[in-house]
Each structure stands twice: as structure tokens, then as C-alpha cells.
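Read off the chains here:
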Amino acid sequence: MSARAAWRLEQLGFTDVYDYVASKIDWFANGLPREGKAAGVPWAGDLARDDTPTCASDERVGDVRERVLASGFDLCVVVNEQRIVLGLMRGDALSKDDAAVGDVMELGPKTIRPNSPVAKLLEARANQGVKSWVVSTSHGRLLGLLLRADAERALTEKEPA
């Protein structure tokens, strides 16, 4: 929408008006709300769990492991102060008690955008055994973790009986 149209809508009494310069796809890739046909399709961002454990690269692994275990997850997403995804810590890395997270994390983990349709995601990854996906905005900001079980459940609930 143009700036002129945004101003006109505000003048007409609308309160949530945005002059979004980037594309509609970028809007969706940042996890922003949608309407119409797109709203009825489950997307990764709809199901991403925001209770995903996070940690900083300068934290001690032993301290982080305690939080991860208490959360019920088996990984920690390493983020900076702006929640930009830097890495993942899981598996053997979680047993390195005195190490700094930044020394043992997996660098540059694969992330998906919140506008990834869940059905296509499951089809594309079905044979790879992926248990979860890190969901981030187009600028790399963490939105959460999508669990395969949640994605499969969403598709099952969506299908007509």
C-alpha cells in the first residue's frame, strides 16, 4: 500500500495501518498477519513454539544444559541480543560443561521462514527424519521452533473427516 493510501485510511478512522514498502512475500516471511485464502493454510509460523530454549554464545554450556533439560527440549537456539539465530547447541555439545556455547555450537543452522506451508514442508522433508525446524524471519530473527509432531497434528486436524 502506498504512503498516500495509508494516510487516507488513518484519516478514515482505521488504527492499524501500515505503509509496508517491502513486498507481500516479505511481509509473510516476517511472520506478520494475513487474511483471505492464505489464512486458512497452516504455515510454519502459525505453529512455531516460542518457548524454545535460547542461549547466548558466551554462556557456559553446563548452565544452558540445565535450562534445556528443564524445558523438555533437546536443543538450544543460540541467539544474539536481537534474537538473531547464530547457531544450535544439541547432542554431544550439551555435555561440554565448562565450554562456552560459542565454542561448541553448530554454526549457521538451516532455518525456515514463517510463511512455509506445513504440508509442503512435511512432503519435502518426509524421508529425512527431521524432528524440528528453526523458524526465523527473513532477517534471521528467531520466531520459534516447529516440531514435526505439531505440524503433522495440524494437518490431520485440518483434513475433513
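Only a predicted model underlies this, so the values are computations on that prediction, with no experimental measurement involved.

(A) Local environment of the overall build of the protein. Within the protein, the regular secondary structure consists of seven helices and seven strands. The order of helices and strands in the protein, counted from the N terminus, is α-α-α-β-α-β-β-α-β-β-α-β-β-α. Buried residues in the protein amount to 36% of all 161 residues. A separation threshold of at least 6 residues defines the contact pool for the protein, and within that pool the share at least 24 residues apart is 51%. Accessible surface, the protein: about 9900 Å² in total, of which carbon and sulfur atoms supply 52%.

(B) A look at the pairing of strand 6 (residues 132-136). In terms of residue burial, strand 6 counts as a mostly covered element, since four of its five residues are buried. Relative to strand 6, strand 5 (residues 111-112) is paired through two bridges, and the arrangement is parallel. From the neighbouring strand, Ile 112 faces strand 6, where its bridge partner is Val 135. Where strand 6 and strand 7 (residues 142-147) come together, five bridges link them in antiparallel fashion. Paired with Val 135 across the two strands is Gly 144, which belongs to strand 7. With antiparallel pairing between neighbouring strands as the criterion, strand 6 and strand 7 make up a hairpin whose turn holds five residues, including Gly 140 at a positive phi of roughly 90 degrees.

(C) Inspection of the sheet that holds strand 1 (residues 54-55) at higher detail. Strand order across the open sheet formed by four strands is 1-2-3-4, with mixed pairing between neighbours. With partners counted over all chains shown, the strands left at the sheet margins are strand 1 and strand 4 (106-107), one partner each. Taken together, the two bridges between strand 1 and strand 2 (residues 75-79) define a ladder with parallel strand orientation. Paired with Thr 54 across the bridge in strand 2 is Val 77.

(D) Structural context of helix 4 (residues 61-71). All buried positions along helix 4 are accounted for by Val 61, Gly 62, Val 64 and Val 68. Looking straight down helix 4, one finds its buried side chains confined to an arc of 155 degrees; they lie on one side. Turned more than 90 degrees from where helix 4 packs its buried face, Glu 66 and Ala 70 sit exposed. Looking at the buried side of helix 4, the elements it contacts are strand 1, strand 2, strand 3 (85-90) and helix 5 (101-104). Once helix 4 finishes, Gly 72 follows within two positions and takes phi at roughly 90 degrees, a positive value.

(E) Spotlight on the pattern of salt bridges. According to the stated counting rule, one finds nine salt bridges in the structure shown. One salt bridge connects Arg 67 with Glu 59, and the closest N-O pair in it is separated by 2.8 Å. Overall, the relative accessible area of 22% leaves Glu 59 in the partly exposed class. Two residues, Glu 106 and Arg 90, come together in a salt bridge whose shortest N-O distance is 2.8 Å. In this pair, Glu 106 is assigned in strand 4 and Arg 90 in strand 3, connecting sequence segments 16 residues apart.

Cut-offs applied
- Residues numbered from 1 in each chain as written.
- Predicted model: local features only at pLDDT ≥ 70, side-chain atom pairs only at ≥ 80, totals over all residues.
- Heavy atoms only, no water.
- Helix = DSSP H or I, 4+ residues; strand = E, 2+ residues; numbered from the N terminus.
- Buried < 20%, exposed > 50% of the residue type's maximum accessible area, 1.4 Å probe, protein only.
- Contact = heavy atoms within 4.5 Å.
- Areas by Shrake-Rupley, 256 points an atom, 1.4 Å probe, with all protein chains shown as cover.
- Pairing = 2+ DSSP bridges.
- Arc of directions from axis to C-beta.
- Salt bridge = Lys/Arg side-chain N within 4 Å of Asp/Glu carboxyl O.

Interpretation note: all reported values are geometric properties and have no functional meaning in isolation.
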